[in-house]
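Secondary and tertiary structure notes
Okay, here's what each chain looks like letter by letter:
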Amino acid sequence: MEYYSASMLKLFNDCKFAFKCRYIDKIEGEKNKYLIFGTEFHDNIKDLTSTDENIINMVKSLRNAIKDRKIIEYEKKYFVLIDGYNFIGYVDAECKDHVLEFKSSNRKWYERDVLNNIIQSTMYQKMTGKKLEYYVVNKKTFWIQKITLEYNKKNWEKILNTIDRINTTKKYNKTNSYKCMYCSYKKICQK
Ligand code: SF4
């Protein structure tokens, strides 16, 4: 691989077949309603132009929660060589000592949700050298949950291990999990 991203590694861990569709066969996945909603939410954080009342309320609540943070840049691209590999990532917002990532959710985040995002959070911390803060915006109540994470070396070692497996795997098996529900390659997979 020319470079590695958090979404690439996560997809590899979630489903080898979907990983092959996206990163080896280069097939554009279908955009489902969850992806469309998430994209619109993110697109509106800086310039609020949406006509969707829910999105407007979520963004207003988020902006209020981060109003005291001195944001240096939104959607900052990082492309960094670390341990012999190129890593790419777009952090939602960056302050002097922290990177901020914005998420939307139907419910409160628990430890398993943080673990589900551990590749992204570890990679972004390693790439930027900063602590990471998740701001999780509730889609119904607009409540904001803030979670601060610190870098953990063991998680970085797991990332390097995943890269090794990406580079040596020969089998791209299908998985069977709740994640199939959100999968962009469901139709190809079911053929
Ligand atoms: S539907 Fe499930 S098994 Fe099929 S590609 Fe998607 S995640 Fe993998």
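Overview of the structure. Everything numeric in this text was worked out from a predicted model, so none of it was measured.

1. Some remarks on the site of the ligand
- Within the structure, the ligand sits among Cys15, Phe17, Ala18, Lys174, Thr175, Lys179, Cys180, Cys183, Tyr185, Lys186 and Cys189.
- When residues of the shell around the ligand are traced back to their parent elements, those giving at least two are α2 (16-24) and α8 (186-190).
- Considering only residue class, the shell around the ligand consists of 7 nonpolar, 1 polar and 3 charged.

2. Observations concerning the packing of helix α1 (residues 6-14) against α2
- Running from N to C, α1 and α2 cross one another at 140 degrees; their axes reach a closest spacing of 6 Å. Relative to α2, the element α1 lies oblique. Two secondary-structure elements touch here, α1 through Met8, Leu11, Phe12 and Asp14 and α2 through Lys16, Ala18, Phe19, Arg22 and Tyr23.
- Along the lines of polarity and charge, the residues of the contact of α1 with α2 split into 6 nonpolar, no polar and 3 charged.

3. Thoughts on the pairing of strand β2 (residues 73-82)
- Taken together, the 9 bridges between β2 and strand β3 (residues 85-94) define a ladder with antiparallel strand orientation. The partner of Tyr78 across the bridge, within β3, is Gly89.
- What sits between the antiparallel neighbours β2 and β3 is a turn of 2 residues, in which Asp83 has the positive phi angle 50 degrees.

4. With respect to the nonpolar core
- The biggest cluster of nonpolar side chains holds 32 residues, and the ones touching the most others in it are Ala18, Leu62 and Tyr135.
- For this core, the element with the most residues is strand β5 (residues 131-138), which contributes 5 residues.
- Beyond its immediate sequence surroundings of up to four residues, Tyr135 is in contact with Leu62, Ala65, Ile66, Leu100, Phe102, Ile144 and Lys146.

5. Section: the environment of Asn116
- Mapped onto the elements of the fold, Asn116 is located in helix α5 (residues 111-116).
- What makes Asn116 partly exposed here is the crowd of 14 C-beta atoms within 10 Å.
- For the pair Asn116 and Lys10, spaced 106 residues apart in sequence, the C-alpha separation works out to 8.6 Å.

Definitions and cut-offs
- Residues numbered from 1 in each chain as written.
- Predicted model: local features only at pLDDT ≥ 70, side-chain atom pairs only at ≥ 80, totals over all residues.
- Near = placed C-beta within 6 Å.
- Helix = DSSP H or I, 4+ residues; strand = E, 2+ residues; numbered from the N terminus.
- Nonpolar A, V, L, I, M, F, W, Y, C, P; charged D, E, K, R; others polar.
- Axes fitted to C-alpha atoms, helices over the stretch in contact; angles between N-to-C directions.
- Parallel < 35°, antiparallel > 145°, perpendicular 65-115°, else oblique.
- Contact = placed C-beta atoms within 7 Å.
- Pairing = 2+ DSSP bridges.
- Core = buried A, V, L, I, M, F, W, Y, C linked by C-beta atoms within 7 Å.
- Buried ≥ 20, exposed ≤ 12 C-beta atoms within 10 Å, placed from the backbone.

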